[in-house]
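Per-entry structural report
Letter by letter, the chains look like this.
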Amino acid sequence: MENPQDIFSSNGGCLIDIVIEKYLVESKESVSHVQLACSMQDCAFPLDGTELCIWNTEDPSHQLLILRGHHQPITAMAFGNKVNPLLICSASLDYVIMWNLEECREKVLQGLVPRGTVMGSLLGKVLCLQLSPDDHVVAVCAGNKIFMLDIEVWDHCTGSLIYSSSVLSAYPLLSLFIDAESRQLVTGCADGQLWIFSLMDGHHYRRVARVDLRKKTETFSTRRVKSGLCSQPEESHLPSTSALGKGEQVEVTFPVLRLAPCDLSLIPNSACGCLSSENTQCVWIGSSVGLFVFNLANLEVEAALYYKDFQSLSILLAGSCALRNRTADRKALCLLASLFGGKIAVLEINPAALVRAQQCHSVGQSLSVPASFCVLPTSPLYLGIAKEKSTKAASQQRCGHDGAVNAVCWSQDRRWLLSAAQDGTLRVWSARGAELALLLGKDMFSKPIQSAQFYYIDAFILLSSGPEFQLLKYHIDTCKDEIKRYKQKSKSKLICRLSMTGAVDMTSLSAVNDFYSHIVLTAGRNRTVEVFDLNAGCSAAVIAEAHSRPVHQICQNKGSSFTTQQPQAYNLFLTTAIGDGMRLWDLRTLRCERHFEGHPTRGYPCGIAFSPCGRFAACGAEDRHAYVYEMGSSTYSHRLAGHTDTVTGVAFNPSAPQHGAHLHTTELYKGRRAKCVLLPPASTGKHLEEKWDELCGAFRGRFKRRKPCLSYYGHSGTGERFPSQIY
């Protein structure tokens, strides 16, 4: 296992700057599984079972404030939300008591015994306490009296039940957190699962995501190793299983003991590396083995602090945890109770140092989708353009693919249509008719072409075959010669070919053709996304563990000819993988900014698309629906019905950039693909039904063809033609 210095010092972090143990006390009785409490200045924990102990972090030289009033062991406590007066509530089997800390301290100075107010008695074993925002009401979870741990939300004004979920897990729910900014409810289970629900109006408390904390931490460690932030692979930060026999394994989870807000907006961006702190919504996750900074937008672990990596810490395995941010010094307080024994420790954590030590810095060279430099003389793009030659004559040839069509792409001037199929051929067709303008045969490619498109404003053809992609310069001869009509005079020439790191097969390829760009994005079967800079003619960056499965589509924010965006917006791109939803990435930081997983895609590769305005993303799903997401939300805004099978492809109308744009979708129909058109989500009534039946009937009537072919369908509103794959 790597040393702690290898984990935290690679980016200039220092162990002493990250966490300090400020206070340690040992109780006669174990306080494991007891709800602890932290405020801005104070930490509260039970001492010797029945005594409530308050430790002030502002002036630790003061003696502990001991509050006595319980006759049974204290099981839960919570601070109020107001600073003046600062209240704390404690509960045991006998009493629920409210204490005013200011009055209690004054009585201690006067030599008197502080007394609290008994709020209730003999309520049973209290597992959780929570005070209302105005500190007027205390929510007490005792037995089955209040069902907060069952994700039941109550309307306090009417006393009625708003929502009750089904059983989420066989394990108990240990923690609950509501993010007011994103209006999401997060709950943590004893098996290390996080369940996130939307509280926005109209969402009906639907589930946004389910997260396995253990898998997320493993992915976080793997990415750091592959990015070079760790000197050697990390071992699992789990309790030791060396006592097991050879070949035996045990699966240990990370119980979510506590959830608390993690305000990174107080930290300067320069202190967070490439993690933007302004719009990042994060939470602290307190577990038995460590503390984690979890991003609610991209559903990823941003930083991990394992207790066993710090020799100065007295508690290596926690049974209870409490967390609180301090705005004064931009640090966080963590109160820990040992899982075994009676040790209680107060930790002071520097979130800026923790994030800076584990976050990657921006890549060495500045990456941007819009070209910011002139083409270098050594660039393959320069060589391809400089050696362009014109040819005479032309030919017309009609032929269909002999295998399933993998890709179709329009040229930027809308004159040509490119297609690639499993038969190993690439064809360029005239958009005005069915004539074949260019044919690249099987002998040119070692494996079938998976992706193909026009590139650099139609100057090149870019395609992927096996572990490499090729850049081809082409010329289409439009002259007609009736005598030699079957002789193809359109030509192509290989300019360069580049392979992915590790020589793995490419699963997807994407580049912008609407404007000059030197960036090519590729995805491989090893679950990586690799960025190539064709101006330099080499690989520029690698994103390891982009998804839990290989990426089957990359979709860039390209805008359209009818709308423009800010130049920085073109650096955003989407990726999708089976069973892992969609991820939104920023090329400038090579980070996942948001994760969308509200649509089911468990076994079939469903397509994705960016809207021309860049504000929305659409995707297909296996539940016969198309989903539309807003870029600022992790849950879908529209769920479009009407299909009879899996929705495999989606596309926005480029001439209507706003949300009311027509959304074109493709469904899997009886083993074949059919192109259909969805009207705007706001459209309802008889017109929608008639249009839908007309479009579906038109395409189902074409399924009688057996030979693979390309077909078009015209949009009645704009007159544009859209390619459809039928095979």
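Now for a look at the structure at hand. (Residues numbered from 1 in each chain as written. Predicted model: local features only at pLDDT ≥ 70, side-chain atom pairs only at ≥ 80, totals over all residues. Heavy atoms only, no water.)

Observations regarding the overall build of the protein chain
Here is the rule: To qualify as a helix, a DSSP run of H or I must reach at least 4 residues; to qualify as a strand, a run of E must reach at least 2; elements of each kind are numbered from the N terminus. Note on classification: 1.4 Å probe, protein chains only; a residue is buried when its accessible area is under 20% of the maximum for its type, exposed when over 50%, partly exposed between these limits. Contacts are assigned to residue pairs that have any heavy atoms within 4.5 Å of one another. All accessible areas in this document rest on Shrake-Rupley with a 1.4 Å probe, and a residue is counted as covered only by the protein chains that are shown.
When you go through the protein chain residue by residue, the secondary structure sums to seven helices and 49 strands. Counting across all 727 residues of the protein chain, residues that qualify as buried make up 55%. If you take every contact in the protein chain between residues at least 6 apart in sequence, the share linking residues at least 24 apart comes to 53%. Working note: accessible area of the protein chain is about 32500 Å², and carbon and sulfur atoms make up 51% of it.

Focus: the side chain of serine 464
Mapped onto the fold, serine 464 is located in strand β30 (residues 460–465). According to the relative accessible area criterion, serine 464 is buried, its value standing at 1%. With residues up to four places along the chain from it excluded, the contact list for serine 464 reads Pro448, Ile449, Gln450, Ser451, Phe469, Met506 and Leu509.

Considerations on the sheet that holds strand β6 (residues 74–79)
The condition that has to hold: Strand pairing is assigned whenever DSSP identifies at least 2 bridges connecting the two strands. Helix axes use the C-alpha atoms of the stretch in contact, all axes being lines fitted to C-alpha atoms, and the angles between their N-to-C directions lie in the range 0 to 180 degrees.
Here four strands make up an open sheet; going across it, the order is β6-β7-β8-β9 and the pairing antiparallel. The sheet is open, and its two borders are formed by β6 and β9 (117–121), each paired with just one other strand. For this sheet, the mean angle separating the axes of adjacent strands, direction not counted, is 20 degrees. Where β6 meets strand β7 (residues 87–92), five bridges bridge the pair, whose relative direction is antiparallel. Paired with alanine 78 across the two strands is cysteine 89, which belongs to β7. Strands β6, β7 and β8 (95–100) of the sheet are contacted by helix α3 (residues 101–109), whose axis makes an angle of about 75 degrees with β8.

Here we look at the pairing of strand β16 (residues 193–198)
Burial runs high along β16: six of the six residues are buried. Burial along β16 is two-sided: the residues Gln193, Trp195 and Phe197 and Leu194, Ile196 and Ser198 are all buried. Both strand β15 (residues 184–189) and β16 contribute to a ladder of five bridges, which runs antiparallel. Paired with glutamine 184 across the two strands is serine 198, which belongs to β16.

A look at unusual backbone geometry
Looking along the chain, the bond that leaves asparagine 84 and enters proline 85 is cis, with omega of 0 degrees. Topologically, proline 85 is positioned in the loop between β6 and β7. Unusually for a residue other than glycine, arginine 414 sits at a positive phi of about 65 degrees. Residue placement: arginine 414 occurs in the loop between β25 (405–410) and β26 (416–421).

Thoughts on the sheet that holds strand β42 (residues 616–620)
On the basis of which strands lie adjacent, the open sheet formed by four strands has the order β41-β42-β43-β44 and antiparallel pairing. Where the open sheet ends on each side, the last strands, each with one partner, are β41 (608–610) and β44 (636–640). Direction aside, the axes of adjacent strands within the sheet are offset by 20 degrees on average. Note that strand β43 (residues 626–630) and β44 share four bridges and pair antiparallel. Across the sheet, the residue bridging to valine 628 is histidine 638, located in β44.

Quick look at a positive patch on the surface
To keep it simple, the criterion reads: Within the patch definition used here, like charges are joined within 9 Å and nonpolar side chains (Val, Leu, Ile, Met, Phe, Trp, Tyr) within 5 Å, considering only residues with over 30% relative accessible area and no salt bridge. Throughout this description, the term salt bridge denotes a Lys or Arg side-chain nitrogen within 4 Å of a carboxyl oxygen of Asp or Glu. Here the positive residues are Lys and Arg and the negative ones are Asp and Glu; neither His nor the chain ends is included. All charge positions are set by atom: Lys at NZ, Arg at CZ, Asp at CG, Glu at CD.
Where like charges cluster on the molecular surface, the positive patch consists of Arg207, Arg210, Lys215 and Arg602. When you line up the elements, arginine 602 lands in the loop between β40 (591–596) and β41.

A few points about the pattern of salt bridges
Scanning all chains against the criterion turns up 16 salt bridges. Here aspartate 201 makes a salt bridge to arginine 183, at a shortest N to O gap of 3.4 Å. On the criterion of sequence distance, the pair formed by aspartate 201 in the loop between β16 and β17 (207–212) and arginine 183 in the loop between β14 (173–179) and β15 is long-range, its members being 18 residues apart. Its relative accessible area of 65% is what places aspartate 201 among the exposed residues. Residue class for arginine 183 comes out partly exposed when judged on its relative accessible area of 35%. Salt-bridge contacts for arginine 639 lead to aspartate 623; the nearest nitrogen and oxygen are separated by 3.2 Å. Of this pair, arginine 639 sits in strand β44 while aspartate 623 sits in the loop between β42 and β43, and the two are 16 residues apart along the sequence. The network of salt bridges with common partners includes Lys216, Arg223, Glu300, Asp580 and Arg583.

Quick notes on the packing of aromatic side chains
Filter applied, for reference: Only Phe, Tyr and Trp rings are paired, with Trp represented by its six-membered ring, and only when their centres lie within 6.5 Å; those with planes under 30 degrees apart are stacked, over 60 edge-to-face, the remainder tilted.
In the structure shown here, the tally under the stated rule is 13 aromatic pairs. Between phenylalanine 469 and phenylalanine 532, the ring centres sit 5.0 Å apart and the planes meet at 75 degrees, which makes this aromatic pair edge-to-face. Residue phenylalanine 469 is located in strand β31 (residues 468–475), and its partner phenylalanine 532 is located in strand β35 (residues 529–533); the two are separated by 63 residues in the primary sequence. When the centroid spacing of 6.5 Å and the interplanar angle of 10 degrees are considered together, the rings of phenylalanine 573 and tryptophan 585 count as stacked. One end of the pair, phenylalanine 573, is in strand β38 (residues 572–577); the other, tryptophan 585, is in strand β39 (residues 582–586), with twelve residues separating them in the sequence. Taking relative accessible area as the criterion, phenylalanine 573 reaches 2% and is therefore assigned buried.

Some words on the nonpolar core
Just so we agree on the cut-off: Among the buried residues, those of types Ala, Val, Leu, Ile, Met, Phe, Trp, Tyr and Cys that are joined through side-chain atoms within 4.5 Å form a nonpolar core.
Counting 32 residues, the largest nonpolar core has Phe45, Leu52 and Leu335 as its most contacted members. Excluding its chain neighbours within four sequence positions, the residues that come into contact with phenylalanine 45 are Tyr23, Val25, Leu36, Glu51, Leu52, Cys53, Trp55, Met77, Leu335 and Ile344. Formed by 29 residues, the second largest nonpolar core is a distinct cluster that contains Trp284, Val293, Ala303 and Ile315.

Quick notes on helix α4 (residues 213–226)
Defined as follows: What a helix is expected to span follows from its residue count: subtract one and scale by 1.5 Å.
For α4, built from 14 residues, the straight-helix expectation of 20 Å at 1.5 Å per residue is met to within 8% by its first-to-last C-alpha distance of 20 Å. For α4, the complete set of buried residues consists of Leu213, Arg214, Lys216, Thr217, Phe220, Ser221, Arg223 and Arg224.

A closer look at the pairing of β26
The buried fraction of β26 is high, at six of six residues. Alternating residues of β26 divide into Trp416, Leu418 and Ala420 and Leu417, Ser419 and Ala421, and every residue in both groups is buried. Where β25 and β26 come together, five bridges link them in antiparallel fashion. Paired with tryptophan 410 across the bridge in β26 is leucine 417. In this structure, β26 lies alongside strand β27 (residues 426–430), joined through five bridges in antiparallel fashion.

By themselves, these are just geometric observations and shouldn't be taken as functional.
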